[in-house]
Amino acid sequence: MAAVSLSVSTVKPLGDRVFIKVSASEEKTAGGILLPDTAKEKPQVGEVVQVGPGKRNDDGSRQELEIKVGDKVLYSKYAGTDIKLGTEEYVLLSEKDILAVVS
């Protein structure tokens with residue numbers, strides 16, 4: 001079996017799915033306590049890197065996504081599929097799992 005080299009530019013989400021680059025997690029608490037890697041929570045904020053063409057309607061037309069590349073979003077905690085490309089972490093999830101656009 002041949003090895004496949006993945007990068008952000010080679011991943012194109014299908015349907016209403018979105019590819020998000022995960023923001024770095026907090027290194028310390030508000031009180032100044034440093035957190036070890038095992039105690040850090042999974043971040044729920046990230047930047048949209050790629051978007052799919054949209055969901056198909058019953059008549060066959062496509063419904064465009066409300067979000068676009070470059071948007072910073074807040075998504076559900078346990079949503080999507082975690083993907084690691086090099087040292088960067090990404091999440092591939094459906095548009096319905098995105099809770100809000102963060103400005």
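Before reading on, note that the structure itself is shown above.
One structure accompanies this document, and this report is about it. (Residues numbered from 1 in each chain as written. Predicted model: local features only at pLDDT ≥ 70, side-chain atom pairs only at ≥ 80, totals over all residues. Heavy atoms only, no water.)

**A short note on the nonpolar core**
Ranked by internal contacts, the top residues of the largest apolar core, which has 13 residues, are V18, I20, V48, L93 and I98. Looking at this core, the elements that each hand over two or more residues are β1 (17–22), β2 (45–51), β5 (72–75) and β7 (88–94). With three residues, β1 is the single largest residue contributor to this core. (Core = buried A, V, L, I, M, F, W, Y, C linked by side-chain atoms within 4.5 Å. Buried < 20%, exposed > 50% of the residue type's maximum accessible area, 1.4 Å probe, protein only. Helix = DSSP H or I, 4+ residues; strand = E, 2+ residues; numbered from the N terminus.)

**Some points on the sheet that holds strand β6 (residues 81–85)**
Here six strands make up an open sheet; going across it, the order is β6-β7-β1-β2-β5-β8 and the pairing antiparallel. Each of the sheet's edge strands pairs with one partner strand only, and the pair in question is β6 and β8 (98–102). When the angles between neighbouring strand axes are averaged without regard to direction, this sheet yields 40°. With five bridges joining them, β1 and β7 adopt antiparallel strand pairing. Note that in β7 the partner of K21 across the bridge is Y90. (Pairing = 2+ DSSP bridges. Axes fitted to C-alpha atoms, helices over the stretch in contact; angles between N-to-C directions.)

In short, shape yes, function no, at least from these values alone.
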